[in-house]
Amino acid sequence: RTSQSCCCPMKPVSAIAKPIQDNDCAKGPLVEATPEKNGSNIFIAVALLILYFGMNLVFNVYNKWLFNGPLPAPVFVTATHQVFCFTGALLAACLAPESWYKRTPLEGSAMITKLMIIPFGFCMNIGLNNISLLFCTLALNQLIRSFAPVTVAIASYFIEGKSYSLPKQATLALLVLGIVLGVSSSPDFQLLGFIICTTSVVGSTLQVVLTGYFMGGQKVTLHVFDILLYTAIPCVAFLIPMAYLVGDHIKVVDAFEAHGPAQFFGLVFAGGLMAFSYNIITICLIKFTSSVYYAVAGGFKVCLVIGMSFVFFDQKISTLSFIGIIISCLAFVGNSYLTFREKQQKKGEVQQKSLEEENEGLLSGKPKVVESV
């Protein structure tokens, strides 16, 4: 959700602009990052990356096992995950130091609009995705989910008029080829599971498109805990009627009677704890790397889950399906890398422009001004 911006909110600067004089830099020495500190940060980032891959794999495998075994009520379980995430975010808002998390207050129509769209997109995206695990294998689920960059690219082209480079178009075309080949030739293919999972991908794309359309280009920076705090309860409100419509309430009662209260609540608690832990690891990974590196890691995550799903579950695969999976994984990773390069290039252009403006200010003799944040 899962979200996507800098984790540590910046402390607000005084609204009064303050000229920076030449002697401001003399008030204290600049502290440079030591090799020991850089090495420590790299070690932490690598450890978090391993935890991110591991938790994502365990969470996906656990959900697939749970929904096809002791508790086949995916929408109800998704709602319990949101309750756990809300509880954790509330504790973080009350107990965490401000240097790690400070709640962003609700203000402005753009923020409220974004927070209204997220629960709708979440129910279509995660809710339907979990339902699809009842009808298709984990490998096919992840393979279909990797189609998301294509749907986003198509929607962005028609709605925003966004164009893509030839290398990126090539990776998207290969991704389509690999998914069609992998899904259509799979011995485990089920039409209902395919339709539900594809709809969840469309829901994910719809969330992105609606956010961009209704917000009119306005940027709203929210901590992951802000999103959990403000949208978890509305998500539960959406999911409860949805759970009733798909008959989860009957399956919950059956599971409670079959396994007893201890095992039932143990399964729910384990899933909720994993959901919240996954958010914590995601926050820390973005904090010690960046949201761009996190997006690239998502490409490798798909490959890992697809590969390991054959270890944990009895899944069948044909030669053509295997070739399709390999093509899809390579194309997905390639697309993630090209996206990473584009964002790095854009970041470099912004920094270069800022440097040119600073040099222009120095040459003109006008003092630089710190704008309020």
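What counts, and at which threshold
- By convention here, each chain's residues receive numbers from 1 onward along its written sequence.
- Since the coordinates come from a predicted model, pLDDT governs what is reported: local features require at least 70, and pairs of side-chain atoms require 80 or more to be given and counted, while whole-chain, interface and lining totals use all residues.
- Side-chain numbers come from the whole structure's heavy atoms, not from hydrogens or water.
- A helix here means a DSSP run of H or I that spans at least four residues, while a strand means a run of E at least two residues long, and both kinds are numbered starting from the N terminus.
- Working rule for helices: expected span equals 1.5 Å times residues minus one.
- To obtain the bend at a residue, axes are fitted to the seven residues ending there and to the seven starting there, and the angle between these axes is taken.
- Looking at any residue, its pLDDT shows the predictor's confidence there, from 0 to 100.
- The criterion used for residue contact is that any of the two residues' heavy atoms lie within 4.5 Å.
- A fitted line through C-alpha atoms represents every axis, and for helices the fit uses only the stretch in contact; the resulting angles, taken between N-to-C directions, go from 0 to 180 degrees.
- Small angles under 35 degrees read as roughly parallel and large ones over 145 as roughly antiparallel, with 65 to 115 read as roughly perpendicular and the rest as oblique.
- Crossing handedness is read from the near helix: turned anticlockwise from the far helix by less than a right angle, it gives a left-handed crossing, and turned clockwise, a right-handed one.
- All residues other than Ala, Val, Leu, Ile, Met, Phe, Trp, Tyr, Cys, Pro, Asp, Glu, Lys and Arg, Gly among them, are scored as polar; the first ten of these are nonpolar and the last four charged.

## Quick look at helix α9 (residues 248-288)
So, step 1. Compared with the 60 Å implied by 1.5 Å per residue over 41 residues, the 39 Å span of α9 between its first and last C-alpha is markedly short.
So, step 2. Helix geometry: α9 is bent most strongly at G260, by close to 120 degrees, with proline P261 lying one to four residues after it.

## Comments concerning the confidence of the model for the chain
So, step 1. Chain-level statistics for the chain give a pLDDT mean of 78 and a share of 76% at 70 or above.
So, step 2. Mean pLDDT across the secondary structure elements of the chain bottoms out at strand β1 (residues 18-20), with 35, and peaks at helix α2 (residues 74-95), with 91.
So, step 3. Counting contacts from residues 1-33, a segment whose pLDDT is below 50, to residues more than four positions away or on other chains yields 41 contacts.

## Concerning the environment of V246
So, step 1. In this structure, V246 sits in the loop between α8 (224-245) and α9.
So, step 2. Through-space distance from the C-alpha of V246 to that of A73 is 8.8 Å; in sequence the pair is 173 residues apart.
So, step 3. Beyond its immediate sequence surroundings of up to four residues, V246 is in contact with V75, I131 and K251.

## Observations regarding the packing of helix α4 (residues 138-145) against helix α6 (residues 166-184)
So, step 1. Between α4 and α6, the least distance of the axes is 10 Å, while the angle of their chain directions is 155 degrees. By the criterion of interaxial angle, the relationship of α4 to α6 is roughly antiparallel. Considering the relative orientation of α4 and α6, their crossing is left-handed. Contacts between α4 and α6 involve L140, L143 and I144 from the first element and I179, G182 and V183 from the second.
So, step 2. Considered class by class, the residues forming the contact of α4 with α6 number 5 nonpolar, 1 polar and no charged.

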